[in-house]
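Working through the structure, step by step
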Amino acid sequence: MIKDLEVAIGYRFQNIQLLQNALTHSSYANENRDKGARNNERLEFLGDAALQIVISHYLYLENKTLAEGDLTRVRRHLVCTKTLSEIARSLSLGDYLHLGNGEEANACRTRPKVLADAM
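Thoughts on unusual backbone geometry
With a phi close to 55°, Ser92 is a non-glycine residue in the positive phi region. Here Ser92 is to be found in the loop between helix H6 (81–90) and helix H7 (101–105). The phi angle at Ala107 is positive, at roughly 55°, despite the residue not being glycine. Topologically, Ala107 is positioned in the loop between H7 and helix H8 (112–118). On the accessibility criterion, Ala107 (45% relative accessible area) is partly exposed.

Here's the deal with helix H1 (residues 2–9)
For H1, the full list of buried residues reads Ile2, Leu5 and Glu6. Down the axis of H1, the smallest arc covering the buried residues is 100°, so these residues share one side. Of the surrounding secondary structure, the elements contacted by the buried residues of H1 are helix H2 (16–22).

Points about the layout of surface pockets
Its boundaries defined by the atoms lining it, the largest pocket holds a volume of some 610 Å³. Around the largest pocket, the lining comprises 23 residues; the ones closest to its centre are Phe13, Leu19, Ala22, Ala118 and Met119. When contributions to the lining of the largest pocket are tallied by element, the ones reaching two or more residues are H1, H2, helix H4 (41–62) and H8. Approximately 210 Å³ is the volume attributed to the second largest pocket. In terms of lining, the second largest pocket is formed by Gln17, Leu18, Gln20, Asn21, Thr24, Tyr28, Asn32, Lys35, Gly36, Ala37, Arg38 and His98. With four residues, the top contributor of residues to the lining of the second largest pocket is H2. Looking at the lining of the second largest pocket, its residues break down into three nonpolar, seven polar and two charged.

Rules used throughout
- Residues numbered from 1 in each chain as written.
- Predicted model: local features only at pLDDT ≥ 70, side-chain atom pairs only at ≥ 80, totals over all residues.
- Heavy atoms only, no water.
- Helix = DSSP H or I, 4+ residues; strand = E, 2+ residues; numbered from the N terminus.
- Buried < 20%, exposed > 50% of the residue type's maximum accessible area, 1.4 Å probe, protein only.
- Arc of directions from axis to C-beta.
- Contact = heavy atoms within 4.5 Å.
- 1 Å grid on protein atoms, 1.4 Å probe; cavity = no way out; pocket = protein on both sides within 12 Å on 5 of 7 lines; lining within 4 Å.
- Points joined across faces, edges and corners; volume = space filled by probe spheres on them.
- Nonpolar A, V, L, I, M, F, W, Y, C, P; charged D, E, K, R; others polar.

See below:
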C-alpha cells in the first residue's frame with residue numbers, strides 16, 4: 001500500500017517509519033498506544049514550517065517585482081488548508097491514513113483539515 005503512494009507521488013522514502021507517522025491521525029495513535037503508534041501532529045508542525053520556507057523562497061526568486069505584502073498573500077493562499085487538502089485529495093492521500101475507529105466511521109478520510117494535516 002505504501003509503495004502505491006510512493007509511485008503516486010514519484011518519491012521513494014528512505015525512512016518508511018516517518019511516512020507511517022505522517023499518515024497516522026491522533027485517533028489511531030490514541031487507540032494503539034500499546035503498539036507504539038505516534039500521531040502526525042509534531043510532523044505537521046515541522047512540515048508547515050518547511051512548506052512556508054520553501055514556498056517563500058520560490059516566490060521570492062520567481063516574482064521579483066512583487067512587494068512583501070503581495071508575496072505574503074500568495075504564500076498564504078498556497079500554504080493553507082484548502083490548497084493542501086486539494087493536493088492531498090488529488091493524490092488520494094486519504095486512502096493511506098491510519099484512523100481510529102470513530103474517525104473511520106465519520107468519513108474523516110475526506111475532511112479537508114485531516115487531509116491538509118497529513119499533506
